[in-house]
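Single-letter residue listing:
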Amino acid sequence: MTTKEYIEEAEQHLIHTYNRYQIVLEKGEGVYLYDVDGKKYLDFAAGIAVFALGYGNKEYNDALKAQVDKLLHTSNLYYNVPAVEAAKKITKQSGMDRVFFTNSGTEAIEGAIKLARKYAYIKDNSTDHEIIAMNHSFHGRSIGALSVTGNSKYQEAFKPLMGGVKFADFNNLESIKAQITEKTCAIIMEPVQGEGGLYPAKKEFLEGVRDLCDKKGILLIFDEVQCGMGRTGSMFAWQQYGVKPDIMAMAKALGCGVPVGAFAAKEEVAKALVPGDHGTTYGGNPFACAAVNEVFRQFEEKNIVGHVKVVGEYLHKALKGLEKKYDIVKEARGIGLMQGLELTIPAGDIILKALDKGLILITAGQNIIRFVPPLVITEANVDEMVAILDNILAEIKVSI
Ligand SMILES: *Cc1c(COP(=O)(O)O)cnc(C)c1O
């Protein structure tokens, strides 16, 4: 079949929830992807901040294959070895005490919300607790996660949503204070807003929120689904702020392509959930956890986090260069390998031009190009990307 035929068939059979780019991807190698026509693309999206270790990673593939031959699934009625190891690794890396495995980031957020509510319920026996979430946040598409996602465009048609959610402005402590009541049980936020436009939290803000939570007995939930797993130059983004949450959610790069997420919590909070409170059939299955274990193993072996610090800084400087050079580039911002380029014009056209030139980029909102490459990307790869982007920006400058 040709690309056109694949796409026609896809559009006949899939529910049309995405305006997909008109390419059909087939295989990957390192930081490059290939479509069914054999065209090569430099990948600066990593399947939306997922594939951290590079494609065709032999040790990762072998670890998965070995687990396939052993055992794929057990359910959570029994223990399995990879899940125990993965839970140990996550608690060690995150400083959290207990983990619950999910199948996605959205489900990790659902679990985090349920845990926060149950913890509050045990404390005061009431059932009208409130959660404060941030404007321009993104936490997922299920009704619970959507309810704390500060984007009315995603929410409107699906109302009524979960009750008891209030919104405040990110990086604005006063705005959070104004939403706190005696019913507030949790505050949820991404330490670096991804979808919402690549906005890193300010250190004083996170410190202020932590302090507020401590004083008022409110739980702090960090959504590290996108900014976690080394992406910002520390294993989890909050670690470089020195502001520890009570509950955190992770997913995306946790399994590097195998669907797996988790929420983790401090002991005192985690013990609020007891048998019967929460569950999942697939979550934490041996296959998914074998992926998690291999991901952490390679992170350590290759010092991925240290690498991100260096290359992330290099990428940021290069993007700052484009900011200086072009009027249509409003701002380059981000941390580590989670960077954005805010433009004065919609980014969609640039993404299409980049695809044409063999570069995969994605957006975050209308006007922002998002750079979330595989974490093994090199400075030479950054140069290659910037050369293509520079070219496109120059063409646009001439045409306007
Ligand atoms: C992607 C994302 C989610 C949702 O994760 P899924 O795996 O798509 O369910 C939640 N929070 C953040 C910050 C994300 O980037």
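Each remark here, short or long, concerns the structure printed above.
Residues numbered from 1 in each chain as written. Predicted model: local features only at pLDDT ≥ 70, side-chain atom pairs only at ≥ 80, totals over all residues. Heavy atoms only, no water.

K.L.:
I keep staring at the pairing of strand E1 (residues 25-29) and nothing clicks. Help me out?
P.N.:
Strand residues, when the strand is regular, have side chains that alternate between the two faces of the sheet. Note that E1 and strand E2 (residues 32-35) share 4 bridges and pair antiparallel. Pairing of Gly28 across the sheet is with Leu33, part of E2. Counting the residues between successive antiparallel strands, the hairpin from E1 to E2 contains 2 residues, one of them, Gly30, with a positive phi of roughly 60°. (Pairing = 2+ DSSP bridges. Helix = DSSP H or I, 4+ residues; strand = E, 2+ residues; numbered from the N terminus.)

K.L.:
Looking at this model, I keep getting lost on the site of the ligand. Mind explaining?
P.N.:
Ser104, Gly105, Thr106, Phe138, His139, Glu190, Asp223, Val225, Gln226 and Lys252 make up every residue found near the ligand. Contact distances for the ligand include 2.8 Å between an oxygen atom and a side-chain N or O atom of Gln226. Lys252 places a side-chain nitrogen or oxygen 2.6 Å from an oxygen atom of the ligand. Contact with the protein chains covers 82% of the free accessible surface of the ligand, which is 380 Å². The residue makeup of the shell around the ligand, split by class, is 2 nonpolar, 5 polar and 3 charged. (Near = heavy atom within 4 Å. Polar contact = N/O pair within 3.5 Å; in protein donor to acceptor, adjacent residues only side chain to side chain. Areas by Shrake-Rupley, 256 points an atom, 1.4 Å probe, with all protein chains shown as cover. Nonpolar A, V, L, I, M, F, W, Y, C, P; charged D, E, K, R; others polar.)

K.L.:
Just to check I follow, could you spell out the sheet that holds strand E3 (residues 40-43) for this structure?
P.N.:
In a beta sheet, neighbouring strands are held together by backbone hydrogen bonds and run either parallel or antiparallel to one another. Taken together, the 4 strands give an open sheet; going across it, the order is E1-E2-E3-E15, and neighbouring strands pair in mixed fashion. Each edge of the open sheet carries a strand with a single partner, namely E1 and strand E15 (359-360). Sheet topology note: the E3/E15 ladder contains 2 bridges and is parallel. Pairing of Asp43 across the sheet is with Ile360, part of E15. Of the strands in this sheet, E2, E3 and E15 are in contact with helix H15 (residues 379-399), which crosses E3 at around 110°. (Contact = heavy atoms within 4.5 Å. Axes fitted to C-alpha atoms, helices over the stretch in contact; angles between N-to-C directions.)

K.L.:
Hey, could you run me through the packing of aromatic side chains in this one?
P.N.:
The relative placement of two aromatic rings is captured by the distance of their centres and the angle of their planes. In this structure the tally under the stated criterion is 5 aromatic pairs. For the pair Phe100 and Phe263, a centre-to-centre distance of 5.2 Å together with 25° between the ring planes defines the contact as stacked. With Phe100 in strand E4 (residues 98-102) and Phe263 in strand E12 (residues 261-265), the pair connects residues that are 163 residues apart, well separated along the chain. The structure contains a cluster of three or more aromatic residues connected by ring pairs, namely Phe51, Tyr55 and Tyr60. When the ring centre of Tyr34 is taken as origin, the NZ or CZ atom of Lys27, which lies over that ring, is 5.2 Å away. Looking at Lys40, its charged tip hangs above the ring of Tyr32, at a distance of 4.3 Å from the centre. (Phe/Tyr/Trp six-rings, centres within 6.5 Å; stacked < 30°, edge-to-face > 60°. Lys NZ or Arg CZ within 6 Å of the ring centre and 35° of its normal.)

K.L.:
Quick question: what am I supposed to make of the pattern of salt bridges here?
P.N.:
Side-chain pairs of opposite charge can arise whenever the charged atoms involved come near each other. Scanning the model with the defined rule gives 24 salt bridges in all. A salt bridge links Arg333 to Glu331, with the nearest nitrogen and oxygen atoms 2.7 Å apart. In this structure, Arg333 and Glu342 form a salt bridge, with 2.8 Å as the shortest nitrogen-oxygen distance. Classification of Arg333 as buried rests on a relative accessible area of 7%. Here the residues in one salt-bridge network are Glu59, Glu294, Arg297 and Glu301, joined through shared partners. (Salt bridge = Lys/Arg side-chain N within 4 Å of Asp/Glu carboxyl O. Buried < 20%, exposed > 50% of the residue type's maximum accessible area, 1.4 Å probe, protein only.)

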